[in-house]
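Analysis of the macromolecular model
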Amino acid sequence: MVISEQDLKNLAQLAGLALAPGQATAARAALNEALSLAQAVQEGVDPAIVPMVQPLAGQLRLREDVARAPASPAERDALMANAPATAQGLFLVPTVLE
Amino acid sequence: MSQPPLHSTFDSIAALAGAVGRGDVDPTVLADDAMRHAQAGNGPGLFADLDAEAGNRETSDAALAGVPIGIEDRLVTRRWRSTGGSRMLAAYQSPFDATAVQDLEQAGCLTVGKLACAEFSMDSASEFALFEATPNPWDAQRQGGSGAAAAVARRLVMGAVGVDTGGSLRAGAALCGVSALRPGQGMVSRLGVIAAASSMDQVTPVARGAGDLAALLDPICHFDPQDATSLEHLNGEANRIGRVRESWQTHRMAQQAQGSRPLKNLRIGILEGDGDGLSAAVADSMEAALQTLESLGAQRVAIALSADGQAATAYHLIAAAEAASNLSRYDGVHFGFRAGRYDDVHDMIGRSRAQGFGQAIIERILLGTRVMSHGHYEALCLPAQRVRRLLAQSLRQALSQSCDLVLRPALPDTAPLLDAQTSLAVRWARDRYLAAASLTGLPALCFPGAPDPDGLPIGMQLIGPDLAEGWLLAVAECFQDVTQWHQREPEQH
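Rules behind the numbers
Residues numbered from 1 in each chain as written. Chains lettered and ligands numbered in written order. Predicted model: local features only at pLDDT ≥ 70, side-chain atom pairs only at ≥ 80, totals over all residues. Heavy atoms only, no water. Salt bridge = Lys/Arg side-chain N within 4 Å of Asp/Glu carboxyl O. Helix = DSSP H or I, 4+ residues; strand = E, 2+ residues; numbered from the N terminus. Buried < 20%, exposed > 50% of the residue type's maximum accessible area, 1.4 Å probe, protein only. Contact = heavy atoms within 4.5 Å. Buried area = accessible area lost by both parts, 1.4 Å probe. Polar contact = N/O pair within 3.5 Å; in protein donor to acceptor, adjacent residues only side chain to side chain. Nonpolar A, V, L, I, M, F, W, Y, C, P; charged D, E, K, R; others polar. Core = buried A, V, L, I, M, F, W, Y, C linked by side-chain atoms within 4.5 Å. pLDDT = per-residue confidence, 0-100. Phe/Tyr/Trp six-rings, centres within 6.5 Å; stacked < 30°, edge-to-face > 60°.

**Looking at the pattern of salt bridges**
Residue and element names in this part refer to chain A. The full count for this structure, using the stated rule, is 25 salt bridges over all chains. Here Glu5 ties to Arg28 by a salt bridge, and the two come within 3.9 Å at their closest N and O atoms. Linking Glu5 in helix α1 (residues 5-14) with Arg28 in helix α2 (residues 21-38), this pair joins segments that are 23 residues apart in sequence. Overall, Glu5 belongs to the exposed group, its relative accessible area being 56%.

**Description of the interface of chain A and chain B**
On the side of chain B, 65 residues touch chain A, which itself brings 51 residues to the contact. Carbon and sulfur atoms supply 68% of the area that chain A and chain B bury against each other, a total of about 4700 Å² over both sides. On the surface where chain A and chain B come into contact, there are 0 salt bridges. On inspection of chain A and its partner chain B, the count reaches 20 residue pairs in polar contact (both at pLDDT 80 or more). Every element with two or more residues in the side of chain A that touches chain B is listed here: α1, α2 and α3 (73-80) of chain A. Ranked by residues supplied to the side of chain A that touches chain B, first place goes to α2(A) with 10 residues. For the side of chain A that touches chain B, the residue count by class is 40 nonpolar, 7 polar and 4 charged.

**Some thoughts on the nonpolar core**
In terms of nonpolar packing, the biggest core is built from 138 residues, with Phe120(B), Phe357(B), Leu366(B) and Leu407(B) touching the most fellow members. No other element matches the 10 residues that helix α9 (residues 311-326) of chain B contributes to this core. For Phe357(B), the residues in contact, after removing those within four places along its chain, are Leu17(A), Ser86(B), Arg87(B), Met88(B), Glu119(B), Phe120(B), Leu327(B), Tyr330(B), Ile362(B) and Ile365(B). Within the second largest apolar cluster, 33 residues are counted, among which are Leu50(B), Ala160(B), Ala174(B) and Val178(B).

**Looking at the confidence of the model for chain B**
Mean pLDDT over chain B works out to 94, with 96% of the residues at or above the 70 mark. Confidence metrics for the complex model read pTM 0.96 and ipTM 0.95.

**Here we look at the packing of aromatic side chains**
All names here are of chain B. Inspection of every chain in the model, using the stated rule, returns 6 aromatic pairs over all chains. An angle of 40° between the planes, with centres 5.8 Å apart, marks the rings of Phe120 and Tyr330 as tilted. Highlighted residues: Phe120 in the loop between β3 (110-115) and β4 (135-136) and Tyr330 in the loop between α9 and α10 (345-356), separated in sequence by 210 residues. For Phe120, a relative accessible area of 0% gives the class buried. Ring geometry for Phe447 versus Phe479: centroids 5.0 Å apart, planes at 65°, classification edge-to-face. Linking Phe447 in strand β14 (residues 444-448) with Phe479 in helix α15 (residues 469-483), this pair joins segments that are 32 residues apart in sequence.

Set out below in structure tokens:
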């Protein structure tokens, strides 16, 4: 299960990471080492065992299915204060469609 | 400064709070003194943000009035920026305080500042993190592991609160010679935690000794309707403020009633194979701790756990998968770092993420993406979750049938050098004793045992069943009554 350069490119694309060449080389080596170690997790484990996603299974509650009032202008301003770029109360991104 | 911090002249938070309550100490003087010492004693890997004018200086007659604490930067605060130790969030200003921070301030604590952490508590070497690695208070050439633990060890604060995911705060406590209690999952609100691995992130207090941990844990241990993972009840018991304190006090009274053998009938489980791979100093410290517990009336029993040998591997796969999902929110659009140059919106997102995250986090995200991808999910993620199930079942069974509490080392050796180059295999192996509590959601208390011959701290870890936080505190405090390792103080560098 060796990660090729193409495998890494595919993974980086899935993960939304535009890696510089040096980052990609280091990440590929680290990933191969991790996946080599990861093989041990399969040893001697009965596939009939039900996987445990988290320790609170069966005890979590669902939030009531009710609509929340939209944020007030003051709340919106507070929430958007950390955005890298905004305009007229909207998040600003580069042009998507010409 | 020639004089030690005023708060450090008190043996415990209870002693300090008592003096404030009686009017023996002016909390305003205490606050000014704590701020001055925090500023003078600050250094690499300690306070990330410290502003003498910004701390909570309100005085009150609350139980913890004037007790100076630090907040690890995995918890969001309105007063200070909240970074998670990542350049991605270097300028992030939260519009609200984490529930645990609110709770401790309402209890009267003086919040001195934000404490440094590794990037999302994952890049232990801090090579690419926002903050420098934390030097060890006992040997500045070695790793301290956690700004929260180091600040408590150096007496800059009486306690701290942060987030333990795979054991970062328990490991930091072990390396620095202080105590940390990771409560059971669902017992403390995680509202305001900067998420890394959601099924394992847990708010955790750090302090010198068990009594101080009880003082800090009780106000934050309660149901929070704003956190979907917060439990209202567990096994029929309400999750409410006072539960931990009452349980701790009940166990302490029961111990006192047993006279010279306060831990009589307590069965301490020791895992077969736990001694393999320990350094000689940690093995000696572990045996000394067991002998101390036996001298107090406890008895040791051998136990075995299914899949414990695969726990660290399972932890790293699950944590990577959850981190890949959690960290997908950082896209350079809504908040956080945005790259300076890009071609289009997809390039902007990709460059922002590649430049905003450190290399260790990028590698975790790639591993998690692989683990969660078609074909590999069945080969890696599901087996890891099966290991988690096996371990949880066998640990709970051991705690209900064979023993009362489990004692393990926290780490296999003492603090590594700051510039130590270690392989991934060695780094994963170091997590083998910490992973069980993270995976199973059971409470675990880390406390200092006998140090190594050079004085470097060594940490022990007690793991208990659900709702055992008060019991763990009482047993650790009983141990600390006779050992006093938690009161050791490093020379100030």
